[in-house]
Structure formats: C-alpha cells, structure tokens
Amino acid sequence: MKDKDLIKGLKNKKRSALEKVIETYSAYVNVVVYNTIGNAMSKEDMEEVISDVFISLWNNSEYIRDEGELRPYIGAVARNKSINKLRERKNTVELNEKTVSDRGDPETEALKADESRRLYEAVMLLGEPDSEIMLRYYYNGEKIREISRTMDINTSTIKTKLKRSRERLKNYLCGKEEQL
C-alpha cells in the first residue's frame, strides 16, 4: 500500500490501514523515539511513547495532508511525543535506594534540584533546534555525529550551535541577559 492509500484509509478510520501503518513504520518510530529519549527512560516508557504515536496518528488523521508522505509526519509526531514524555519525567522525582542513600544535606540537595530545574527550563527557552541539540548532547549523551545524522545538520553546525547555546545559557543564568 502506498502512503496516499494509507492516509485515505486512516481518514476513513479503516483499522486495516492503521495495522499496515504500524507494520510499515514501527521500526522507524522505534528509532526516532530511542534517539530522542536515549537511556533516560525505561523500555516500558518508550513502548508507551511508541503506542501514543500511533494512537495520535489514528485520532488526528484528518490533519494529515492527502498528497503528503507519512514518514516525515510520523517522525515529527514521534519526536514530539518523546520530548513531551521527557518533559513530564523532568517534573517527577524518582526515589530509589541510591538517591536516598546518596543524599547529603537537604538544603544542598534542594539547591542542586533548583539549579537543575532552572537549567533545564533555560535550555527549553533556547528554541528549536538549539534546545533539541543541547538535550541530545548533554542530557542523552549522544555523539555529535549521531545528532548530525539524525537531525540532518552538518557536524560543524552542531558544534557551533552547542558553543553559542552554552554562551547564551551562561549569560542568561548569570543575569547578563534577560531573555534567551
């Protein structure tokens, strides 16, 4: 089945079209979700994001352009769902034996948590693609080549964006700039 037929089937709410989309694009969605989330979440959380992608595709099929291709649309949905899941996760704190036993002075820990939250919020204010590059590099630990390949941006551009973003963050967090 071609993308046009799949889109038509999705818009007409044909289950067979959704099944074919899942069969055709599930590997691609897995890669996008993994590249966005990295090791920041459990396998179950990533599977939930992947399921959410296809549910969203089904629920919002009327917004897909008839003449368009599904791959870029599905990729964007997968990336956005992954980023949203990461944002949700940043707002929760996991308690486990390691975090409880490694904790020192409560005041110091509160300051560290506040600084972490503030830094993450500042990174999100950078805007796209800078915030995504920063998250991929510093939060997910992806290599510059990997980011370049995934985002289809030249490696030297990635390095430049990282350097400029670090400078912008430094100035913003030190109070030298009011906006990013």
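Above this text you will find the structure in question.
Residues numbered from 1 in each chain as written. Predicted model: local features only at pLDDT ≥ 70, side-chain atom pairs only at ≥ 80, totals over all residues. Heavy atoms only, no water.

K.L.:
Sorry if this is basic, but what is going on with the overall build of the chain here?
P.N.:
Assigned secondary structure in the chain consists of 9 helices and 0 strands. When the helices and strands of the chain are read in sequence order from the N terminus, they spell out α-α-α-α-α-α-α-α-α. Split into buried and exposed, the 180 residues of the chain put 34% on the buried side. Taking all contacts inside the chain whose residues are at least 6 apart in sequence as the whole, residues at least 24 apart take part in 64%. Carbon and sulfur atoms provide 48% of the accessible area of the chain, an area that totals close to 11,900 Å². (Helix = DSSP H or I, 4+ residues; strand = E, 2+ residues; numbered from the N terminus. Buried < 20%, exposed > 50% of the residue type's maximum accessible area, 1.4 Å probe, protein only. Contact = heavy atoms within 4.5 Å. Areas by Shrake-Rupley, 256 points an atom, 1.4 Å probe, with all protein chains shown as cover.)

K.L.:
I'm lost on the packing of aromatic side chains in this one. Help?
P.N.:
Each pair of aromatic rings is reported with the distance of its centres and the angle of its planes. This model, assessed by the stated rule, comprises 1 aromatic pair. With a centroid separation of 4.8 Å and 90° between ring planes, the pair formed by Y137 and Y138 is classed as edge-to-face. Directly above the ring of W58 sits K13, whose terminal nitrogen or CZ lies 5.0 Å from the centroid. (Phe/Tyr/Trp six-rings, centres within 6.5 Å; stacked < 30°, edge-to-face > 60°. Lys NZ or Arg CZ within 6 Å of the ring centre and 35° of its normal.)

K.L.:
What is the right way to read the packing of helix α7 (residues 130–139) against helix α8 (residues 144–151) from this model?
P.N.:
For any two helices packed against each other, the geometry is given by the interaxial angle and the distance between the axes. Two elements in contact, α7 and α8, have axes separated by 10 Å at closest approach and are oriented at 140°. Taken together, α7 and α8 sit at an angle that is classed as oblique. The two elements α7 and α8 cross, and the hand of that crossing is right-handed. Seen from α7, the contacting residues are E132, I133, R136 and Y137; seen from α8, they are I144, I147, T150 and M151. Residue classes in the contact of α7 with α8 are distributed as 5 nonpolar, 1 polar and 2 charged. (Axes fitted to C-alpha atoms, helices over the stretch in contact; angles between N-to-C directions. Parallel < 35°, antiparallel > 145°, perpendicular 65-115°, else oblique. Left-handed = near helix turned anticlockwise from the far one by under 90°. Nonpolar A, V, L, I, M, F, W, Y, C, P; charged D, E, K, R; others polar.)

K.L.:
Teacher, can you tell me more about empty space enclosed by the protein here?
P.N.:
One simple way to see leftover space: roll a probe sized like a water molecule over the atoms. Scanning the entire structure with this criterion turns up 1 cavity of 30 Å³ or more. Roughly 40 Å³ of volume is contained in the largest cavity. For the lining of the largest cavity, the secondary structure elements donating two or more residues are α4 (70–90) and α7. If you tally residues by element for the lining of the largest cavity, the top one is α7, at 3 residues. (1 Å grid on protein atoms, 1.4 Å probe; cavity = no way out; pocket = protein on both sides within 12 Å on 5 of 7 lines; lining within 4 Å. Points joined across faces, edges and corners; volume = space filled by probe spheres on them.)

K.L.:
Teacher, can you tell me more about the side chain of D130 here?
P.N.:
If you trace the backbone, D130 turns up in helix α7. D130 sits in the buried class, given a relative accessible area of 13%. Excluding anything up to four places from it in sequence, D130 contacts K161, S165 and R168.

K.L.:
What is the right way to read the environment of V32 from this model?
P.N.:
Position of V32 relative to the elements: it lies in helix α2 (residues 15–37). For the pair V32 and T150, spaced 118 residues apart in the sequence, the C-alpha separation amounts to 8.4 Å. Those residues in contact with V32 that lie beyond four places of it in its chain are G75, A78 and R79.

K.L.:
I keep staring at the layout of surface pockets and nothing clicks. Help me out?
P.N.:
Space inside the second largest pocket adds up to approximately 210 Å³. Around the second largest pocket, the lining residues are Y28, V31, V32, N35, P72, G75, A76, R79, E132, R136, T150 and M151. Contributing elements (two or more residues each) for the lining of the second largest pocket: α2, α4, α7 and α8. The residue inventory of the lining of the second largest pocket, partitioned by class, reads 6 nonpolar, 3 polar and 3 charged.

K.L.:
Looking at this model, I keep getting lost on the nonpolar core. Mind explaining?
P.N.:
Most often, soluble globular proteins keep nonpolar side chains buried together rather than apart. Among the nonpolar cores identified, the biggest contains 24 residues, and V21, V29, V33, L57, L70 and I74 are the most heavily contacted of them. Of all the elements in the fold, those that place two or more residues in this core are α1 (3–11), α2, α3 (43–59) and α4. A per-element tally of this core places α2 first, with 8 residues. With residues up to four places along the chain from it excluded, the contact list for L57 reads L10, V21, I64, L70, Y73 and I74. Listed in part, the 15 residues of the second largest apolar core include A122, M124, I133 and L162. (Core = buried A, V, L, I, M, F, W, Y, C linked by side-chain atoms within 4.5 Å.)

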